[in-house]
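Examination of the molecular architecture
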Amino acid sequence: MVSSTPSPPRTPAAEPGDAPPRRPPRRGERPRTGPRTGRADRITLGLMLGVPALLVIALVWLPAAATVVLSFTRWDGIGGLDTIEWVGTRNYTDAFTIYPPFRPALSNNVVWLVFLFAVPTLLGMFLAVLLDRELRGGRIYQSVFYMPVVLSLALVGFIWQLIYSRDQGLLNTVLGAVAGAEPVDWFGDPDINLYAVLIAAAWRHTGYIMLLYLAGLKAVDPSLREAAAIDGAGPVRTFVSVVFPALRPINLVVLVVTVIDALRAFDIVWVINRGRNGLELISALVTSNVIGEASRVGFGSALAVVMLVISLVFILVYVSTMLRGVHR
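Every value quoted in this text rests on a predicted model; they were computed, and no experiment measured them. (Residues numbered from 1 in each chain as written. Predicted model: local features only at pLDDT ≥ 70, side-chain atom pairs only at ≥ 80, totals over all residues. Heavy atoms only, no water.)

1. A look at the overall build of the protein
When you go through the protein residue by residue, the secondary structure sums to 13 helices and two strands. The proportion of buried residues among the 328 residues of the protein is 31%. Across the protein, the fraction of contacts at a sequence separation of at least 24, relative to all contacts at a separation of at least 6, is 64%. Carbon and sulfur atoms make up 66% of the accessible area of the protein, which amounts to about 21,600 Å² in all. (Helix = DSSP H or I, 4+ residues; strand = E, 2+ residues; numbered from the N terminus. Buried < 20%, exposed > 50% of the residue type's maximum accessible area, 1.4 Å probe, protein only. Contact = heavy atoms within 4.5 Å. Areas by Shrake-Rupley, 256 points an atom, 1.4 Å probe, with all protein chains shown as cover.)

Next comes the structure, spelled out in structure tokens:
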């Protein structure tokens, strides 16, 4: 009598291209949940993370730490490290008490900062709101307004020298032809040259702020505006009460970018008159002390540390705010 017990199903033979069957985990062994990382992958990942980190440490953090250390010394940059003389906080005391250009430079940086917030930042926001409405030729307008951003401040200084030139400048020529006004030395008069330079800097800064806000406006949820329209809010009320609060991350970025731009403004004033005669800025004083005729590396480092401390205040506010948003 033949048994009718069914035979177990046969496992199909493995094809040549099939992956080998997985071994079931042994007792106490944690099952594998992801692909195996080989030695080459670990080396590649280490290089991708390690090389940029080393570059940042070598080019940013080490020079910053050396600047802080040198700010407490007196050194002319010539000779070995044994020629460095430790003077404590004397450089900082001298900067605030017996260095005449420092206070005008500090006040000029504050004026620069306030002007960038009051004029180009608001203008860039206004242009972004207009371009966000999908105007005809909006791409062309974006390119025109953003074009100055790709230029360096040194080149911006050269361009505006052609406009502000006393003898053959465009502005004086137009004012003389239209109103019969006498030529004005826009860059040479210490009473007005700072404001003339600020207009040139604003010409470049406006396009950058416009691009930041335009990117932020594209990311705002359209349902917020629709809800405000249903509630009867007009365009201005919608922007002030709904859209602008939603742009908080962009506002923080604009805050930090504007502060850093105001502190590191150097190229344009150095091209005009090396940061003198009414155009004193802290960055120009740092350069003139470190690589100028005086070669006071320690004193120039102290001025650079003052800039660093002011920048860090705003950067720490930005980082702490962003981290609080992430943890929420």
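2. Overview of the packing of helix H7 (residues 193-218) against helix H10 (residues 248-264)
Running from amino to carboxyl end, H7 crosses H10 at an angle of 165°, the nearest separation of the two axes being 10 Å. Between H7 and H10, the angle is such that the two are roughly antiparallel. Judged by the twist between their axes, the crossing of H7 over H10 is right-handed. Facing His-205, Tyr-208, Ile-209, Leu-212, Tyr-213 and Gly-216 of H7, the residues of H10 in contact are Ile-250, Asn-251, Val-253, Val-254, Val-257, Thr-258 and Asp-261. (Axes fitted to C-alpha atoms, helices over the stretch in contact; angles between N-to-C directions. Parallel < 35°, antiparallel > 145°, perpendicular 65-115°, else oblique. Left-handed = near helix turned anticlockwise from the far one by under 90°.)

3. Re the confidence of the model for the protein
Confidence in the prediction of the protein, expressed as mean pLDDT, is 84, and 87% of residues score 70 or more. Mean pLDDT per element in the protein: helix H13 (residues 297-327) is the minimum at 83, and helix H2 (residues 90-97) is the maximum at 93. (pLDDT = per-residue confidence, 0-100.)

4. Re the packing of aromatic side chains
Any aromatic ring pair is given by two values, namely how distant the centres are and how the planes are angled relative to each other. By the definition in use, this model includes 10 aromatic pairs. For the ring pair Phe-96 and Phe-102, a centre distance of 4.8 Å and an interplane angle of 70° mean the geometry is edge-to-face. Look at Phe-102 and you get buried, because its relative accessible area is 0%. Against the face of Phe-299 rests Arg-296, its NZ or CZ located 4.5 Å from the ring centre. (Phe/Tyr/Trp six-rings, centres within 6.5 Å; stacked < 30°, edge-to-face > 60°. Lys NZ or Arg CZ within 6 Å of the ring centre and 35° of its normal.)

5. Here's the deal with a nonpolar patch on the surface
A contiguous nonpolar surface patch, about 990 Å² in accessible area, is contributed by Ile-43, Leu-47, Val-51, Leu-55, Val-56, Ile-57, Leu-59, Val-60, Trp-61 and Leu-62. Mapped onto the elements, Val-56 comes out in helix H1 (residues 39-70). (Patch = residues over 30% accessible without salt bridge, like charges linked within 9 Å, V, L, I, M, F, W, Y side chains within 5 Å. Salt bridge = Lys/Arg side-chain N within 4 Å of Asp/Glu carboxyl O.)

6. Topic: helix H12 (residues 282-290)
When you tally the buried positions in H12, you get seven out of nine residues, the bulk of the element. Residues of H12 that are buried include every one of Ile-282, Ser-283, Ala-284, Leu-285, Val-286, Thr-287 and Asn-289, and no others.

7. Things to note about unusual backbone geometry
The phi dihedral of Arg-274 is positive, around 60°, even though this residue is not glycine. Secondary-structure assignment places Arg-274 in the loop between helix H11 (267-273) and H12. The exposure class of Arg-274 is partly exposed, given its relative accessible area of 45%. The phi torsion at Asn-277 lies on the positive side, around 55°, for a residue other than glycine.

8. A word on the side chain of Asn-108
Mapping Asn-108 onto the fold places it in helix H3 (residues 102-131). Classification of Asn-108 by relative accessible area gives buried; the value is 10%. Side-chain polar atoms of Asn-108 contact the backbone oxygen of Glu-280, separated by 2.9 Å. Dropping the residues within four chain positions of it, Asn-108 is found in contact with Leu-194, Gly-278, Leu-279, Glu-280 and Leu-281. (Polar contact = N/O pair within 3.5 Å; in protein donor to acceptor, adjacent residues only side chain to side chain.)

9. Regarding the pattern of salt bridges
Within this structure, the stated rule accounts for four salt bridges. Across the pair Asp-132 and Lys-218 runs a salt bridge, and its minimum N-O distance is 3.4 Å. You can see Asp-132 sitting in the loop between H3 and helix H4 (138-146) and its partner Lys-218 sitting in helix H7, a full 86 residues away along the chain. By relative accessible area, Asp-132 is classed as buried at 15%. Assessed through its relative accessible area of 46%, Lys-218 is described here as partly exposed. For Arg-225, the salt bridge goes to Asp-132, with nearest N and O atoms at 3.2 Å. On the criterion of sequence distance, the pair formed by Arg-225 in helix H8 (residues 222-230) and Asp-132 in the loop between H3 and H4 is long-range, its members being 93 residues apart.

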